[in-house]
Amino acid sequence: MASITTDSSGYRRIIFVAGDGQRKTLHLGAVPQRLADAILIRVEELAAASIHKQSLSRETSAWLDGIGDKLR
């Protein structure tokens, strides 16, 4: 399970537990809530696939191909 936090400046972060069991933070910056929600869904799938040794959905694989290096 991942969660979105927003600081007083409006910067959003996604906090999640990675496949290695460590808590990680993905800094998104000042993005709209809708975009943060969309990224959250992908991050949750990536983390679950890593933890349970499963493959990704086609949609998430395509999303990974389309995102920039900075987010990746």
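Attention in this report is confined to the structure presented alongside it. (Residues numbered from 1 in each chain as written. Predicted model: local features only at pLDDT ≥ 70, side-chain atom pairs only at ≥ 80, totals over all residues. Heavy atoms only, no water.)

Re the side chain of Thr60
Link 1 in the chain: Within the secondary structure, Thr60 is located in helix α2 (residues 58-66).
Link 2 in the chain: Discounting chain neighbours no more than four positions away, the residues touching Thr60 are Arg42, Glu45 and Leu46. (Helix = DSSP H or I, 4+ residues; strand = E, 2+ residues; numbered from the N terminus. Contact = heavy atoms within 4.5 Å.)

Remarks on the pairing of strand β2 (residues 12-17)
Link 1 in the chain: Direction of pairing for strand β1 (residues 3-6) relative to β2: antiparallel, over a ladder of 4 bridges. Opposite Thr5, over in β2, you have Arg13 as the bridge partner.
Link 2 in the chain: Where β1 folds back on β2, the antiparallel hairpin that results is connected by 5 residues, among which Gly10 adopts a positive phi of roughly 90°.
Link 3 in the chain: Pairing of β2 with strand β3 (residues 23-29), which is carried by 6 bridges, proceeds in the antiparallel orientation. For Val17, the partnering residue across the bridge sits in β3 and is Arg23.
Link 4 in the chain: From the end of β2 to the start of β3, which pair antiparallel, there are 5 residues, and Gly21 there has a positive phi angle of about 90°. (Pairing = 2+ DSSP bridges.)

Here we look at the side chain of Arg12
Link 1 in the chain: Assignment of secondary structure puts Arg12 in strand β2.
Link 2 in the chain: Separated by 2.9 Å, the side chains of Arg12 and Gln33 make a polar contact.
Link 3 in the chain: Non-local contacts of Arg12, meaning those with residues more than four positions away in its chain, are made with Ile4, Thr5, Thr6, Leu26, His27, Leu28, Gly29, Val31, Pro32, Gln33 and Ala36. (Polar contact = N/O pair within 3.5 Å; in protein donor to acceptor, adjacent residues only side chain to side chain.)

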